[in-house]
Amino acid sequence: MIEESDEQLLQMLQQILPPPEQIVTPFEVKTSSPNGIDYDRLVKHFGTSLIEQNLLERFEKLTKQKAHRYLRRGIYYCHRDFEKILDSFERGEKFYLYTGRGPSSKSIHLGHLVPLQFCKYLQDVFDVPVVIQITDDEKLFFKPNLDYSDVQSMANENIKDIIAVGFNPEKTLIFKNGEWMGTLYPTVMKIQSKLQAKQMISVFGFDIDTATVGQFAFPAVQMAPSFAMCFENVFECDVDLNSVNCLIPCAIDQDPYFRVSRDLAPKLHSQKPCLLHSKFLPSLAGIGEKMSASNSESLIFLSDTPPQIKKKIGKCFSGGQVTVAEHREKGGNIETDVAYNLLSVFLEDDELLSHYKNGYIDGSILSGEMKQRAIQTIQNIVSDFQKERNKINDTTIAKFTRFKKIQL
Ligand code: TYM
């Protein structure tokens, strides 16, 4: 009989077994691995580039700003052509930022806050326009249980959430596809005339027997704003719009749309969009899934009350040991601990974060203390957000959503 330690056995098994199943698409994110999503594997699979230290140093040097905690901590961890954006900034050329939201819940959740906060930071640092697409069409096509009026009311509530993040009203346009299709359509037409149905099947996994026409048509609509020509009525500039770069900050699940945009760009005589990709804020149930509006118990809405936040984080998956004695002796696992994951994304203070990290690893900080700090941090963020949101009125909304010219 072979006698092996648990660790050796585990290593042997890992060599024999295929890598754990991992699905990361715009429609589904999950893994069977206890270690969560393998982000390095996605870099290889999608063909993106890691954000290396020298790129961050160049960013800080050029912008004279400290890199956002999302960059310092590798939460935004890979990119496509971010150097190109830095080059154009260095040459004094303008570019724009593009992000979006698919309204599927009345309130956005903490995961959605990540790209929005980051986009606002990039707008402040580079002083550039931001266009924010609200895909009311997408949710109607992909969530059959939602009807048109549900989606519209969610879209209108989500627009207030987005405004509360603090974008510059002079330089930010928030548009619902249902209302703005006239502006988008010339670019959508150009894209749809080049896209093959088989590309939709291979990139987005659509099933030819069951997918609807709306589903096949939608990707071109999300791709259109990644080309500056889409905003020829909005952007004022003295250069050819086809030469203007677009930077898209998003979680890695949205990459397939823009991979196709980049393939098509030469055919549209336009620049390829550049991207910054983040990892996912995990579900409260564990790191195997992203925080997602499809499971309301395992997420924190930005509309949650302090007691709701306390209750939800109190129950979240812990990387601690079963007993206090065991935890003091062996320490906890910060990789799988959801409260630590929340702190690593939202706690601004680097030193305090290291204190919690090191204390958890050496067993001096218990799961309850980690959760307590996460509860306090998230309650503060949500309460600040709610104060800003309560100030929003119809005039504020109009400033962001009505037609206007934006100087590039
Ligand atoms: P949606 O509404 O699912 O998500 C909005 C943005 O939030 C990111 N995101 C997350 N980031 C970190 N952790 C999470 N748990 C998490 N969950 C969602 C998404 O990557 C996205 O950036 N089809 C899009 C809407 C859209 C869009 C865009 C997104 C239209 N145009 C351009 C990005 C860029 C959607 O349904 O996103």
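Quick caveat: nothing in here was measured; it's all calculated off a predicted structure.

All right, on to the site of the ligand then. What surrounds the ligand is a group of 25 residues, the closest being Arg 101, Gly 102, Glu 138, Gln 222 and Asp 253. Between the ligand and the protein, one listed contact pairs a nitrogen atom with a side-chain N or O atom of Gln 133 at 3.0 Å. For the shell around the ligand, the secondary-structure elements that each account for two or more residues are β5 (95-101), α6 (110-126), α7 (136-142) and β9 (245-251). Class assignment for the residues of the shell around the ligand results in nine nonpolar, 10 polar and six charged.

Now for the sheet that holds strand β6 (residues 130-134). In spatial order, the strands read β3-β4-β10-β9-β5-β6-β7; together these seven strands make up an open sheet with mixed pairing. What marks the edges here is a single partner per strand, and that holds for β3 (49-50) and β7 (172-176). Strand direction decides the pairing type here: β5 and β9, joined by three bridges, are parallel. In the strand pairing of β9, Tyr 96 is matched with Cys 246. Packed on one face of the sheet, helix α5 (residues 82-90) meets β4 (76-80), β5, β9 and β10 (274-278) and runs near 135° to β9. This element, α6, spans β4, β5, β6, β7, β9 and β10 of the sheet and lies at about 165° to β5.

Attention now goes to the packing of aromatic side chains. If you walk through the whole model with that rule in mind, you get 28 aromatic pairs. Taken together, a centroid distance of 6.0 Å and an interplanar angle of 35° make the contact between Phe 142 and Phe 206 tilted. Taken as a pair, Phe 142 in helix α7 and Phe 206 in the loop between α10 (197-204) and α11 (213-223) lie far apart in primary sequence, 64 residues in all. Between Phe 204 and Phe 206 the ring centres are 5.7 Å apart and the planes differ by 20°, which places this aromatic pair in the stacked class. Note on accessibility: Phe 204 and Phe 206 belong to one class, buried. What links up through ring pairs into an aromatic cluster is the set Phe 27, Tyr 98, Phe 142, Phe 204, Phe 206, Phe 216, Phe 218, Tyr 257 and Phe 258. The ring of Phe 46 carries the charged tip of Arg 259 above its face, separated from the ring centre by 4.6 Å. Lying across the ring of Tyr 77, Lys 279 places its NZ or CZ 5.4 Å from the centre.

Reading the values: rules and limits
- Residues numbered from 1 in each chain as written.
- Predicted model: local features only at pLDDT ≥ 70, side-chain atom pairs only at ≥ 80, totals over all residues.
- Heavy atoms only, no water.
- Near = heavy atom within 4 Å.
- Polar contact = N/O pair within 3.5 Å; in protein donor to acceptor, adjacent residues only side chain to side chain.
- Helix = DSSP H or I, 4+ residues; strand = E, 2+ residues; numbered from the N terminus.
- Nonpolar A, V, L, I, M, F, W, Y, C, P; charged D, E, K, R; others polar.
- Pairing = 2+ DSSP bridges.
- Contact = heavy atoms within 4.5 Å.
- Axes fitted to C-alpha atoms, helices over the stretch in contact; angles between N-to-C directions.
- Phe/Tyr/Trp six-rings, centres within 6.5 Å; stacked < 30°, edge-to-face > 60°.
- Buried < 20%, exposed > 50% of the residue type's maximum accessible area, 1.4 Å probe, protein only.
- Lys NZ or Arg CZ within 6 Å of the ring centre and 35° of its normal.

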